[in-house]
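# Observations on chain architecture
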Amino acid sequence: MNTKEINISLTIKLKIDVPESMSEREIKDNISSNFESVFNHSGDEGRRISYYELESVEVMDNMEALLKEPGWVKAVYQVSEADKQTVLLENFKRKNGQADFDQVEKMVVKDESGQWKEIEPVQTYTFEKSGENTVYIRFRDITEIPVFAFYGCMALKEIELPGTVHSIGESAFRDCKKMEFIYIPDSVGTIGESAFSCCRMLKGVLIPDCLKIIQDYTFLGCCSIGEIIIPQSVTEIGDGAFMKCRKLKKINIPHTVRKIGETLFSGCLQLSSIVIEAPITKIGSSFASRCGNLKNLVLPDTLQEIGRYAFSECRSLDKIILPAALSKISVWAFGDDGLPFDITSLAKVAPAIDGDRFPNRLSVGALRIPEGSTGYDTWIEALGTRWVLEYIKQES
């Protein structure tokens, strides 16, 4: 066998971790003087290439390049000076009472000098500085944010999910009391029950266009949300989904929704307008109870029943139009204050009042009913002589 010497010129890019104090020139010189590489071809010991001279090296920031790859969750934590140990992740699948971080592939944080560094997946981390600190987290199954993943992370301020995420697990961000912002990509089609409940500082959230179901208590207690747009992809809204969203001012339920839960807007103190375009037949119990600022209420033509306490303690609701299909108003549907002062009922047969009880304000008001309608004698008697009765002429 003849040995041949071949001169080859190579350009090699290396991703390396080096001491912060070492300059790029020193790095290159050090690698060039010590570089020696032997490439062995498996199964053929006779083929060997020896190479001793390095022409050039491009030094790259390993972490910066890594973070440019898709699939990272970006989380910003507001760390106090007094307590820099911060809960990063909480309540993963438990083993012997301990969190199991097999689902977390990598965690990357910045050190005090501003350099990125990788850390072992941990539940809590002690930051070197107070204020805002960014952590990048990569789950092994980045298509899903696991159940209870960030539950109770009190310092979490912002979160940005990658476009690879398709679902957010139950209570994934529950009780993140400092979280102000979350970016949910349009790729998310499933959000679990109570996913964002009690996120008191959450100021706004854009519900993705492909979401079909808003689960029970998804935004319960999100006191700072002022506006929510329900996309037309949504077909179902669960119990208490927006309960106690105290700064929510108006809501429109689109025509695509086929089912809505109970206590949906209960305790939304600043809610002034509810427009229901959805062709539902029943409004459940305590649907919008304790919405003291509610003034505008638009009910769908398909509505047949209003549940118990649905609009109790809605003291600003002075005017209402009851649709023609309505046949039942449950007891205390409008609470102790009774029906509004100005009622227009389009039903030709008076809707029944549960328990023969007709709560009213015993004050001056107006009742409008269709000409030729029947069954309103009980209404007229209960409302009293100070109410004005008017008849709506039927179009020929």
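Residues numbered from 1 in each chain as written. Predicted model: local features only at pLDDT ≥ 70, side-chain atom pairs only at ≥ 80, totals over all residues. Heavy atoms only, no water.

Regarding its fold elements, the chain presents three helices and 31 strands. Every one of the 396 residues in the chain was classed for burial, and the buried ones make up 44%. Of all intrachain contacts in the chain linking residues separated by at least 6 positions in sequence, the fraction that spans at least 24 positions is 40%. Total accessible area on the chain stands at roughly 21,000 Å², and carbon and sulfur atoms take up 46% of it. (Helix = DSSP H or I, 4+ residues; strand = E, 2+ residues; numbered from the N terminus. Buried < 20%, exposed > 50% of the residue type's maximum accessible area, 1.4 Å probe, protein only. Contact = heavy atoms within 4.5 Å. Areas by Shrake-Rupley, 256 points an atom, 1.4 Å probe, with all protein chains shown as cover.)

Attention now goes to the side chain of serine 373. For serine 373, the position within the fold is in the loop between strand E30 (365-370) and helix H3 (377-383). Assessed through its relative accessible area of 17%, serine 373 is described here as buried. Among the polar contacts made by the side chain of serine 373, one reaches the main-chain carbonyl oxygen of proline 370 at a distance of 2.7 Å. Among residues more than four places away in sequence, those in contact with serine 373 are Ala347 and Lys348. (Polar contact = N/O pair within 3.5 Å; in protein donor to acceptor, adjacent residues only side chain to side chain.)

Right, let's talk about the sheet that holds strand E20 (residues 250-253) for a bit. Hydrogen bonds between backbone atoms are what pair the strands of a sheet, whose relative direction is either parallel or antiparallel. Pairing is parallel across the open sheet formed by three strands, whose spatial order is E20-E22-E24. Looking at strand neighbours, the two that pair on one side only are E20 and strand E24 (296-298), the edges of this open sheet. Sheet twist, expressed as the mean angle between neighbouring strand axes with direction ignored, is 5°. In this sheet, strand E22 (residues 273-276) lies alongside E20 in parallel orientation, the contact comprising four bridges. Bridge pairing links lysine 250 to serine 273 in E22. (Pairing = 2+ DSSP bridges. Axes fitted to C-alpha atoms, helices over the stretch in contact; angles between N-to-C directions.)

Between two aromatic rings, the relevant description is the distance of the centres plus the angle of the planes. Inspection of every chain in the model, using the stated rule, returns 15 aromatic pairs. With a centroid separation of 6.4 Å and an interplanar angle of 35°, the aromatic rings of tyrosine 77 and phenylalanine 127 are classed as tilted. Residue tyrosine 77 is located in strand E5 (residues 73-79), and its partner phenylalanine 127 is located in the loop between strand E11 (124-126) and strand E12 (131-139); the two are separated by 50 residues in the primary sequence. Across the pair, phenylalanine 127 and tyrosine 77 agree in class, each one buried. (Phe/Tyr/Trp six-rings, centres within 6.5 Å; stacked < 30°, edge-to-face > 60°.)

Purely geometric numbers; function is a separate question.
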